[in-house]
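# Summary of the model geometry
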Amino acid sequence: MLARVLSFLALGAALAGCGLDLAGLENVPEGGTEDSGVDASLGDDAITGGGDAQGIDSTMPESGPKDGGGDGPTTCSPACKNQTCVNGHCTGTCAPGQQTCMGQQPQTCSPTGTWQASGATCPYACVAGACTGTCVPGDKQCNGQQPQKCDASGKWQNNGASCPNVCTAGMCTGACSPGATQCSNNGVETCNSSGQWGSPQPCQYVCTNGACGGVCVPGAVQCSGDGVETCNASGQWGTAVACVHQTCVTGVCSGVCGPSETNPVPCGNCGTDTETCGPTGMWVAGSCANQGCAPTTTQTCNTYGSQTCSPTCMWGACSCPSPSVCTPNATQCISLTQPQVCNACGQWQNATACVVGQVCSNGSCTCTTTSCGAGCCSGSTCNPGNQDNACGNGGNACDDCTTNGETCVGTITKQCACTGCLNGSTCLPGNSDTACGNNGVACADCADAGKTCNKIGDTCN
């Protein structure tokens, strides 16, 4: 045993210049304050030992204050954490075999406690020295409407709530959901694939809940029967509101009357016209019925009478009674002394009664020899006097001669004498020599003309 120790000591002395403990068999402390007394496989005296960089004390006395006087143990106690135990000392930055990542580059700890690249750079993520994942940490993407972000292990993870509109490059964007619609100024806007509203497309009637609809333009009016329908905000016709004493024309209550209404009004000569309501709500005249006469006009009645129309268009009383019994101006006698004359209405009326000496004949009072008695008739008048010798005398005597064409002659005894020519009992003017000419209607003195009277023709020849 002693021989073996001496042999190693001799080998240590021979390699002192190298400071290498080949076997690391120093199991007695060398006496250094920092030497643990255990040399690792390469020795631990390189730093705190007595100058034997290879585990062999060579430059400094092994009995120095820092050298325990010999090689220490080959293991580290306590065990190294994330370092390498070399000649009983913890050294380096990692434990051999450990794995880590430098960015995307996997690394493995070398036997000397240093990190070294291990394999190619990872395309996605490097975790604990190994390539893993399906994405580059920090990258973003969309899974439908769900934003996602790549975590440190290269795995996609949901990043926040699902997007209400559009997910783009892992972020919520847009003002609307693609394909959605909304109303704008009575037009339909459609959301495009970028989540932006397009230009509104106008609706014919009304836009409701993002779609064109309705059957009419809000606020428009139309007639339904005799009522007005108004288009509501939804583009639907509302309940018709009836027109009162008016007619619906192009959606408006117009005029002064409603369909089927009538209106009796006076017309013409106190007649009645039944007006009917026209299509525009105005009265349309019919025919005037039940008219009377035209006020102030007259008409004949009862053959010879007349009547006047009153202001109430009614004929007044006839001026003549009915019926007529005679021809106006006709005369008659109803007694020897009472003549009658037919008036303008064809009715007999008593004329002036005959006086003494007169008698009614042919409707008039006349004088006759019989009626006159002791007097004489002067026309229709019975005058006192003697018919034989009295004439003229202011009409107080009978026979003024002129009735028969005679002339009263004489101064004391007055008599009627014919100074002309007589034609029978008629005294005609002319010469009294010869009665001739014109059938006795006129006297002609044929002798004056140098002619003779032809009695057969009463002509002068």
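Look up a bit, the structure's there.
Every value quoted in this text rests on a predicted model; they were computed, and no experiment measured them.

### Thoughts on the state of the cysteines
- Under the definition given, this model contains 23 disulfides.
- Here Cys 135 is linked by a disulfide to Cys 150, with a sulfur-sulfur distance of 1.9 Å. Every disulfide takes its handedness from the sign of the S-S torsion; for Cys 135 and Cys 150 that torsion is 90°, giving right-handed. Placement of the pair is Cys 135 in the loop between β7 (130-132) and β8 (140-143) and Cys 150 in strand β9 (residues 146-150), with a sequence separation of 15 residues.
- The partner cysteine of Cys 243 in its disulfide is Cys 253, sulfur to sulfur 1.9 Å. Between Cys 243 and Cys 253, the disulfide has an S-S torsion of -85° and is therefore left-handed. Pair noted here: Cys 243 is in the loop between β20 (241-242) and β21 (247-249) and Cys 253 is in strand β22 (residues 252-254), with a separation of 10 residues, a long-range link.
- Residue classification places Cys 253 among the partly exposed positions, given a relative accessible area of 27%.

### Let's talk about the environment of Asp 151
- Within the fold, Asp 151 resides in the loop between β9 and β10 (156-158).
- Expressed as a C-alpha distance, the spacing of Asp 151 and Ala 125, which sit 26 residues apart in the sequence, is 9.0 Å.
- Side-chain polar atoms of Asp 151 contact the backbone nitrogen of Lys 155, separated by 2.8 Å.

### Considerations on the side chain of Gln 307
- With respect to the secondary-structure elements, Gln 307 resides in strand β28 (residues 305-308).
- Of the residues examined, Gln 307 reaches a relative accessible area of 14% and is grouped as buried.
- At 2.6 Å, the side chain of Gln 307 and the side chain of Gln 299 are in polar contact.
- Engagement of the side chain of Gln 307 in a polar contact is seen with the backbone oxygen of Gly 316, the distance being 2.7 Å.
- With residues near it in sequence (within four places) discarded, Gln 307 still touches Thr 297, Thr 298, Gln 299, Cys 301, Trp 315, Gly 316, Ala 317 and Cys 318.

### Examining the pairing of β9
- For β9, a buried count of four out of five residues is recorded, marking the element as mostly surrounded by other parts of the structure.
- Pairing geometry for β8 and β9, over four bridges, is antiparallel. Note on β9: the bridge partner recorded for Cys 142 is Pro 147.
- Between the end of β8 and the start of β9, which pair antiparallel, lie two residues, with Gly 144 showing a positive phi angle near 70°.
- Two strands pair when backbone bridges link them, and β9 and β10 are joined in this way by three bridges, in the antiparallel orientation. Counted as the bridge partner of Cys 150 is Trp 156 from β10.

### What to know about the sheet that holds strand β5 (residues 115-117)
- As summarised here, the arrangement of the three strands in space is β3-β4-β5, forming an open sheet in which the pairing is antiparallel. Two strands in the sheet have a free side with no partner beyond their single neighbour: β3 (99-102) and β5. Between one strand and the next, the sheet's axes are offset by a mean angle of 40°, whatever the strand orientation.
- Bridge analysis of β3 against strand β4 (residues 105-109) gives four bridges, and the strand direction is antiparallel. By the bridge assignment for β4, Gln 99 is matched with Thr 108.

### Concerning the sheet that holds β8
- What the three strands build is an open sheet, ordered β8-β9-β10; its pairing is antiparallel. Of all strands in the sheet, those bounded by a partner on one side alone are β8 and β10. If you compare each strand with its neighbour and ignore which way they point, the axes differ by 40° on average.

Criteria and thresholds
Residues numbered from 1 in each chain as written. Predicted model: local features only at pLDDT ≥ 70, side-chain atom pairs only at ≥ 80, totals over all residues. Heavy atoms only, no water. Disulfide = S-S within 2.5 Å. Helix = DSSP H or I, 4+ residues; strand = E, 2+ residues; numbered from the N terminus. Buried < 20%, exposed > 50% of the residue type's maximum accessible area, 1.4 Å probe, protein only. Polar contact = N/O pair within 3.5 Å; in protein donor to acceptor, adjacent residues only side chain to side chain. Contact = heavy atoms within 4.5 Å. Pairing = 2+ DSSP bridges. Axes fitted to C-alpha atoms, helices over the stretch in contact; angles between N-to-C directions.

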